[in-house]
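Structural overview for review
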Amino acid sequence: MKLPGFGCYEKEIKLLSAEIERLKDPQSLDFSSTGLDELREENTRLKYRLNILKKSLQEERSSNSKSMTNINQRLQEIFGDAISVAYPDLEDPPLAVTPNQQAKFGDYQCNSAMAMAQMMKSKGQKVNPREIAEKIVQNIPDNELIEKTDIAGPGFINVHLKKTFVSKLLTNMLMNGVQPPTLDKKKRVIVDFSSPNIAKEMHVGHLRSTIIGDSMCRLFEFLGHDVLRLNHVGDWGTQFGMLIAHLQDKFPDYLSISPPISDLQAFYKESKKRFDDDEEFKKRAYQCVVRLQSKEPDFIKAWNLICDVSRKEFQRVYDCLGIQIIERGESYYQDRMTAVVKEFEEKGLVELDEGRKIVFTPGQSIPLTVVKSDGGYTYDTSDLAALRQRLFEEKADIIIYVTDSGQAMHFHVVFAAAQHIGWYDPKVTRVEHAGFGVVLGEDKKKFKTRSGDTVRLMDLLEEGLKRSMDKLKEKERDKVSTPPCRKGGGGGGNWAYRLIRFAHSLSLSLSLSLCLVCIMSIARLANIQEAALRKAAETCEIVLEHEKEWKLGKCILRFPEILQKILDDLLLHTLCDYLYELATTFTEFYDSCYCVEKDRQTGEVVKVNMWRMLLCEATAAVMAKGFDILGLKPVQRM
């Protein structure tokens, strides 16, 4: 819903933009000297009016919005406008705005001038990048956030923000909470993650997919999108033939009495050994597969029994990690696979190759096998059917697959085939593989579950919890704190594993959690009530004169930029890196700027610097939201 006044601004902006574009059309112009001068004047007036309207629209949005402002994005809009005015004939000019790495050079930096010079050089125009930078600066429209700019080196434009603007944004955040940026359109997002195999226990390799996928879901949910979490479990295939045959031998009365299978991993290994060593058993296993695929009731029941045992084990892990996910395994798409193969055949995209049916996609060096020589379907067929169902039945706008990078080529070819057959346009629908490092065993080779010899995930989580507690004891915090865990679960091992993955050490990950707890306790230890902090947020200006106050204020407000970067590249470690940076920046601030002064003799509070207390609260709010997106809650005080 648009706020009052937005519609008229946006309508006039569109009209003025269209008029400016019309004036660029040579056929519509009068090229007499008088007419040309008049057109130039009109063009200048229109651009001036357009900039005024854009500024008014932005200011009205800022004053009425409870959302956090993405400063980087706002600066890109400003420099984008300046570049379009300075160089109106340059198509798709590069736009690069980044936080400045050295405070002495300013807060942000626009590095577009050098790239623009290269672009113009390729068109036969030799222009000094510093001259380009100067012209961009001259055309920066009036705005609410830039205090000043200066040009350094060959054409770097350094940007200095207004302290009043940053203070205003911090106040807005404290008043309204950490709110997501304004959403242009709510999208249907599907995240495919975790995806263990039935009849095999989850191992460490599944943990990365589960954690990263869940955090991506939390991010999209926080931003206001409609998210469907899917677990594409391996619940169909030839391995079920040997499992059912082994079930029939070991528990012949399984149809009437539920078999007491307590260790499915051992059961799988037993059946696999028989399959490898006993030819008669192997033949019977293949017959069981055929009868299962024919959906004979007794074999469907055996299949369900095996799946249910696995589901209970999977759920133990998900409960521990606080994961919410909907199972939709390969079996769900069985009937749809036939239709997918038929569709590819009808469009003439299927080739025969030694009895197999394969699909070659232009630009791809390897084909997809949609039907095996024995008439069975493959992972390629299953993934094509799943993708089609998600596009046409779920009507997804964004689909993300979270698996290890070893599957990157497979998904690349599947996506290419889906585009080739016309299922989706990548300019409209986003379909991506979010890969992560392959989990290796002690032999430095990829973990494989075929043999059944892998590290159990529950064992790993329990070990992580133990090590978390050991670290608390080492820091003598075990008497006042409990280990961090997933929301909705007691999985300290999840915290340990997740932040070890990104922050490189358990000690560091616990330190991040303890830092948040300490920040949240500052007001409590100073006997400042929550109501007093709320009133201060309404009435107290956040002063940012000390260099550490200024550094912390800017760091807090980079949170929306961090989330946008993750949306762009799907790399969640960026959030972990940011939380560490925020924690260290806060520590610098707290060491240099007194928030609460106490009498050294009595310990009583003598003086409270309220705007610094508000900076503490703002830091805690952003850190807590970051932890929430990661699905974590911090170390708890006992």
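By convention here, each chain's residues receive numbers from 1 onward along its written sequence. Given that this is a predicted model, residues contribute local features only at a pLDDT of at least 70 and side-chain atom pairs are listed and counted only at 80 or more, while totals for whole chains, interfaces and linings are drawn from all residues. Note: side-chain values were computed over all heavy atoms of the structure, leaving out hydrogens and water.

- If you check an unreviewed UniProt entry, the protein appears there as Arginine--tRNA ligase, cytoplasmic from Astyanax mexicanus.
- UniProt positions are given in the numbering used here, feature names are shortened, and annotations may be inferred rather than shown by experiment. Per UniProt, the protein has the following entry under Sequence similarities (unreviewed entry): "Belongs to the class-I aminoacyl-tRNA synthetase family."
- UniProt's Catalytic activity (unreviewed entry) comment on the protein is quoted here verbatim: "tRNA(Arg) + L-arginine + ATP = L-arginyl-tRNA(Arg) + AMP + diphosphate".

Some remarks on the overall build of the protein
- Under the DSSP-based scheme used, a helix requires at least four consecutive residues in state H or I and a strand at least two consecutive residues in state E, with every element numbered from the N terminus. Counting secondary structure elements, the protein contains 22 helices and 18 strands.
- Accessible area is worked out with a 1.4 Å probe on protein chains only. A residue is then buried under 20% of its type maximum, exposed over 50%, and partly exposed in between. With 638 residues in all, the protein has 49% of them scored as buried.
- Every accessible area reported is derived by Shrake-Rupley at a probe size of 1.4 Å, with residue values counting cover from the shown protein chains alone. When the accessible surface of the protein is summed, it comes to about 31,600 Å², and 50% of that surface belongs to carbon and sulfur atoms.

Let's talk about the sheet that holds strand β10 (residues 368-371)
- Taking strand neighbours across the sheet as the criterion, the three strands line up as β8-β9-β10 in an open arrangement whose pairing is antiparallel. Only two strands of the sheet have a single partner each, and these edge strands are β8 (350-353) and β10. Mean inter-strand twist for the sheet, computed between neighbouring axes without regard to direction, equals 45°.
- The rule for pairing is simple: two strands pair if DSSP sees at least two bridges between them. Two strands pair when backbone bridges link them, and β8 and strand β9 (residues 356-359) are joined in this way by four bridges, in the antiparallel orientation. Directly across from Asp-353, in β9, lies its bridge partner Arg-356. Where helices are involved, their axes are fitted lines through C-alpha atoms of the stretch in contact, as for all axes, and angles between N-to-C directions lie from 0 to 180°.

Regarding unusual backbone geometry
- Phi at Lys-395 takes a positive value of approximately 55°, unusual for a residue other than glycine.
- With respect to the secondary-structure elements, Lys-395 resides in the loop between α13 (379-392) and β11 (398-404).
- Phi is positive for Leu-570, close to 60°, though the residue is something other than glycine.
- Note that Leu-570 resides in the loop between α20 (559-569) and α21 (573-592).
- Relative accessible area serves as the criterion here: at 6%, Leu-570 is assigned to the buried category.

Let's talk about the sheet that holds strand β4 (residues 156-161)
- Here we have four strands laid out as an open sheet, ordered β1-β2-β4-β3, and antiparallel in their pairing. Each edge of the open sheet is held by one strand with a lone partner, namely β1 (97-99) and β3 (146-152). Shown here is a sheet whose adjacent strand axes are inclined to one another by a mean of 25°, direction ignored.
- Two strands pair when backbone bridges link them, and β1 and strand β2 (residues 108-110) are joined in this way by three bridges, in the antiparallel orientation. The residue bridging Val-97 from the neighbouring strand is Cys-110, located in β2.
- Of the strands in this sheet, β1, β2, β3 and β4 touch helix α3 (residues 71-86), which is tilted by about 145° from β1. Pairs of residues are marked as contacts when any of their non-hydrogen atoms sit within 4.5 Å.

Things to note about the packing of helix α8 (residues 239-250) against helix α11 (residues 297-321)
- Between α8 and α11, whose axes approach to 10 Å, the crossing angle comes to 95°. Classified by the angle their axes make, α8 and α11 are roughly perpendicular. Two secondary-structure elements touch here, α8 through Phe-240, Leu-243, Ile-244, Leu-247 and Gln-248 and α11 through Phe-299, Ala-302, Trp-303, Ile-306 and Cys-307.
- Among the residues forming the contact of α8 with α11, the class breakdown is nine nonpolar, one polar and no charged. Our angle categories are set so that under 35 degrees counts as roughly parallel, over 145 as roughly antiparallel, 65 to 115 as roughly perpendicular, and the remainder as oblique. Any residue that is not Ala, Val, Leu, Ile, Met, Phe, Trp, Tyr, Cys, Pro, Asp, Glu, Lys or Arg is counted as polar, Gly included; the first ten are nonpolar and the last four charged.

Some details on the packing of aromatic side chains
- Pairing of aromatic rings covers Phe, Tyr and Trp, the last counted by its six-membered ring, and requires centre-to-centre distances within 6.5 Å; plane angles under 30 degrees mean stacked, over 60 mean edge-to-face, and any other angle means tilted. Using the criterion set out here, one finds 10 aromatic pairs in the structure.
- Consider the rings of Phe-586 and Tyr-590, whose centres lie 5.7 Å apart with planes at 15°: the pair is stacked. Highlighted residues: Phe-586 and Tyr-590, both in helix α21, separated by four residues, approximately one helical turn.
- Ring pairs connect the aromatic residues Tyr-401, Phe-411 and Phe-415, which therefore count as one cluster.
- The side chain of Lys-163 reaches across the aromatic face of Trp-550, ending 4.5 Å from its centre.
- Look at NZ for Lys and CZ for Arg. If either is within 6 Å of the ring centre and within 35 degrees of the ring normal, a charge sits over the ring. The ring centre of Phe-392 lies 4.5 Å from the NZ or CZ of Arg-388, which sits over that ring.

Some details on α21
- The span expected for a helix works out to 1.5 Å for each residue beyond the first. A rise of 1.5 Å per residue sets the reference length of α21, with its 20 residues, at 28 Å; its end C-alpha atoms lie 29 Å apart and thus fit the reference within 8%.
- For α21, the complete set of buried residues consists of Thr-574, Leu-575, Cys-576, Tyr-578, Leu-579, Leu-582, Ala-583, Thr-585, Phe-586 and Phe-589.

Focus on the pattern of salt bridges
- Any carboxyl oxygen of Asp or Glu within 4 Å of a side-chain nitrogen of Lys or Arg constitutes a salt bridge here. For the coordinates displayed, the defined rule picks out 33 salt bridges.
- Note that Asp-308 and Arg-311 form a salt bridge whose closest N and O atoms lie 2.8 Å from each other. Taken together, the residues Asp-308 and Arg-311, both in helix α11 and three residues apart, mark about one turn of the helix.
- Residue Asp-308 is classed as partly exposed on the basis of its relative accessible area, which comes to 37%.
- What makes Arg-311 partly exposed here is its relative accessible area of 26%.

Structural notes on the pairing of strand β5 (residues 188-192)
- Taking burial as the measure, the five residues of β5 include five buried ones, the bulk of the element.
- Once you follow β5 into helix α7 (residues 204-222) and on to strand β6 (residues 226-231), the crossover reads as right-handed.
- Bridge count for β5 against β11 is four bridges, and the pairing is parallel. The residue bridging Asp-192 from the neighbouring strand is Tyr-401, located in β11. With its strands directed away from the observer, a crossover is right-handed exactly when the path from the first strand over the helix to the second travels clockwise.

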